[in-house]
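Structural overview for review
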Amino acid sequence: MSVNEVLRNAVLPHVPICEPGNYDGEEAEYCTFVIDDEPDVFAEGMPSVIRYPVILNWYLPSGVNPLKKKKSMCRALAAAGFTYPSVTNASDEGGQHFVFECELADGDV
């Protein structure tokens, strides 16, 4: 299973849309994400592990209480094998926006 699939499987039970890059649809609540590849643990010039840092953006309307769902999303990401995410509140006058940062490591290089 790809890192994108693992991430989407963890998030979609909580949020109706979870797309890589941008989302231009009609839903008021959705997630977008970016995943990078970072080789790590080198031996003879080749990586033994690839780390996948993830930035997951969760958008939702103002006035919705995010606390319970934010906690359940953090737990779902950790249960899926990601590091427990740090979460930054990036909300503004346009609505609520939370940025989750975590990573997944793959030793099957």
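These figures come from a predicted structure and were not determined experimentally.

All right, on to the pairing of strand β6 (residues 96-106) then. With 11 bridges connecting them, strand β4 (residues 46-60) and β6 associate as antiparallel partners. Residue pairing for β6: N57 is matched across the bridge by V99. As paired elements, strand β5 (residues 86-89) and β6 share four bridges and run antiparallel to each other. In the sheet register, V87 faces β6, and the bridge partner there is F100. Two successive antiparallel strands, β5 and β6, enclose a turn made up of six residues, where G95 displays a positive phi of approximately 145°.

This part is about unusual backbone geometry. Of note, E44 is a non-glycine position whose phi angle comes to about 55°, a positive value. Within the secondary structure layout, E44 lies in the loop between β3 (38-43) and β4.

Mapped onto the elements, R51 comes out in strand β4. Judged by its relative accessible area of 22%, R51 is partly exposed. Excluding its chain neighbours within four sequence positions, the residues that come into contact with R51 are D36, D37, E38, D40, E103, L104 and A105. At 3.1 Å, the side chain of R51 and the side chain of D40 are in polar contact. A polar atom in the side chain of R51 sits 2.8 Å from the side chain of E103.

Cut-offs used in this document
- Residues numbered from 1 in each chain as written.
- Predicted model: local features only at pLDDT ≥ 70, side-chain atom pairs only at ≥ 80, totals over all residues.
- Heavy atoms only, no water.
- Pairing = 2+ DSSP bridges.
- Helix = DSSP H or I, 4+ residues; strand = E, 2+ residues; numbered from the N terminus.
- Buried < 20%, exposed > 50% of the residue type's maximum accessible area, 1.4 Å probe, protein only.
- Contact = heavy atoms within 4.5 Å.
- Polar contact = N/O pair within 3.5 Å; in protein donor to acceptor, adjacent residues only side chain to side chain.

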